[in-house]
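Observations on the three-dimensional arrangement
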Amino acid sequence: MTDESAMSFTRRRLKTMRRKLDVILDDVIDRHKRLRNSEFGSEDLIHVLLRVQEEEKLQFPIGNDNIKADVFTAGTDTSATTIDWAMVELLRHPQVMAKAQAEVRHVLKRNSTNQNNVVHELKYLKLVIKETLRLHPPTPLLPRACKEEKVINGYTIRTGEKVLVNVWAMHRDPRYWKEPEKFNPERFENQYLDFLGGDFQFLPFGAGKRMCPGITFGLATMEFTLSQLLYNFDWKLPEGVEAEDLDMIENNGMAVARKPNLFVVVTPYN
Ligand code: HEM
């Protein structure tokens, strides 16, 4: 197959997948239009966006395509991928798993009637998530276009040229990180580094005007899901599989996931 025919084959496949995805997502949006409240009795994020769409008060109106891109494409894969990477890293580092699980069980058990409101107390779990986002940012390349000609490090970047900011490489740069390849959540304990776009060596949510607007929602999803997984289950690798056997190779995609599926032995925690 020539490069050109491979490209048009990929494009055709992409268009077919896009059509299939549209059928599913249009159906989700239609159901939200019909049922004004979620199964939990109140509005969910899609209801809110539909309401804003109907109010027509924004300078740039929201279309269904925006809802599909923002909530489903930008919002689901990124969090799901990070949860998967976090579980893999926890399985590779049993002492970190034990510490995170002890914290989660201590805090959630103490507040067993209202577990949603205590997630902010899970300090160590937050460090685990930060370290996972450092080693495995789901969006490792940030695209930018140059507004005016600039020379950076001897390279001339002309107006309109596209630049990819390699967050993945910045997150592993030994000039900014001690033992950068090591999964070590404690590194964030002693240095105040946040992902709000001001610390340029750590940009899992990007920076500037186009920075991720879903940080709070994404973090809440990851904290809630991981805390429930750690609270309710014990996790180990299948018989005969050692932590160092886990292949950390990455897949291509909108969000960079781990390529092989993760197989684990799960036991409910009583
Ligand atoms: C682990 C969770 C997430 C990560 C790591 C993440 C990361 C990112 C990154 C790196 C960007 C590009 C920022 C830039 O170019 O400077 C981005 C953009 C975006 N994200 Fe997220 N994201 C996450 C969750 C979410 C969620 C939950 C939503 C919505 C529900 C969301 C909505 C968006 C949108 C709409 C954009 C495009 C913003 C724009 O172009 O102006 N993200 N995200």
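Residues numbered from 1 in each chain as written. Predicted model: local features only at pLDDT ≥ 70, side-chain atom pairs only at ≥ 80, totals over all residues. Heavy atoms only, no water.

Quick notes on the site of the ligand
Cut-off, in case you're wondering: Only a single heavy atom is needed: when it lies within 4 Å of a molecule or strand, its residue is near that molecule or strand. The term polar contact refers here to a pair of N or O atoms within 3.5 Å; inside protein, the definition further demands a hydrogen-donor-capable atom paired with an acceptor-capable atom, and it admits residues adjacent in sequence only when both atoms are side-chain atoms. Secondary structure elements follow DSSP: runs of H or I of four or more residues count as helices, runs of E of two or more count as strands, with numbering from the N terminus.
Neighbouring residues of the ligand: 24 residues in total, closest R144, P204, A207, R210 and C212. One of the backbone N or O atoms of A74 is found 3.5 Å from a nitrogen atom in the ligand. Between the ligand and R210, the relevant distance is 2.8 Å, taken from an oxygen atom to a side-chain nitrogen or oxygen of the residue. For the shell around the ligand, the secondary structure elements donating two or more residues are α3 (64-92), β1 (141-145) and α7 (215-232).

Focus on α3
The condition that has to hold: Each helix should span, by expectation, one fewer than its residue count multiplied by 1.5 Å. Bend, at a single residue, is the angle you get between axes fitted to the 7 residues ending at that residue and the 7 residues starting at it.
Across its 29 residues, α3 extends 41 Å between first and last C-alpha, which sits within 8% of the 42 Å expected from 1.5 Å per residue. In the structure, α3 departs most strongly from a straight axis at G75, where the bend amounts to approximately 25°.

Side note on the coordination of the iron atom of the ligand
Note the threshold: Each metal site lists N, O and S donors within 2.8 Å (3.2 Å for Na, K and Ca). With water left out of the atoms, a site can look as if it is missing ligands.
Looking at the protein side alone, the iron atom of the ligand has one donor only, C212 (SG), at 2.3 Å. Mapped onto the fold, C212 is located in the loop between α6 (167-170) and α7.

Examining the environment of T81
To keep things clear, this is the line we draw: Relative accessible area decides the class of each residue, using a 1.4 Å probe on protein chains only: under 20% of the type maximum gives buried, over 50% gives exposed, and in between gives partly exposed. What makes two residues a contact is simply this: any of their non-hydrogen atoms within 4.5 Å.
Tracing the chain through its elements places T81 in helix α3. What makes T81 buried here is its relative accessible area of 7%. A sequence separation of 57 residues divides T81 from P138, and the C-alpha atoms of the two residues are 6.7 Å apart. For T81, the residues in contact, after removing those within four places along its chain, are A255, V256 and A257.

A closer look at the side chain of H136
Along the polypeptide, H136 turns up in the loop between α5 (123-135) and β1. Polar side-chain contacts of H136 include one of 2.7 Å to the side chain of E89. Filtering out sequence-adjacent residues up to four positions away, H136 remains in contact with W85, E89, R172 and M248.

Side note on helix α4 (residues 94-110)
An α-helix turns once per 3.6 residues; consequently, residues spaced three or four apart project the same way. Between the first and last C-alpha of α4 there are 24 Å, a value that for 17 residues agrees with the 24 Å anticipated at 1.5 Å per step. Turning to α4, its buried residues number three or more, namely V96, M97, A100, Q101, E103, V104, R105, V107 and L108. In this fold, the buried residues of α4 make contact with α3, α5, α7 and β5 (233-236).

A few points about the side chain of H93
Considering the arrangement of structural elements, one finds H93 in the loop between α3 and α4. On the accessibility criterion, H93 (15% relative accessible area) is buried. Among the polar contacts made by the side chain of H93, one reaches the main-chain carbonyl oxygen of E89 at a distance of 2.8 Å.

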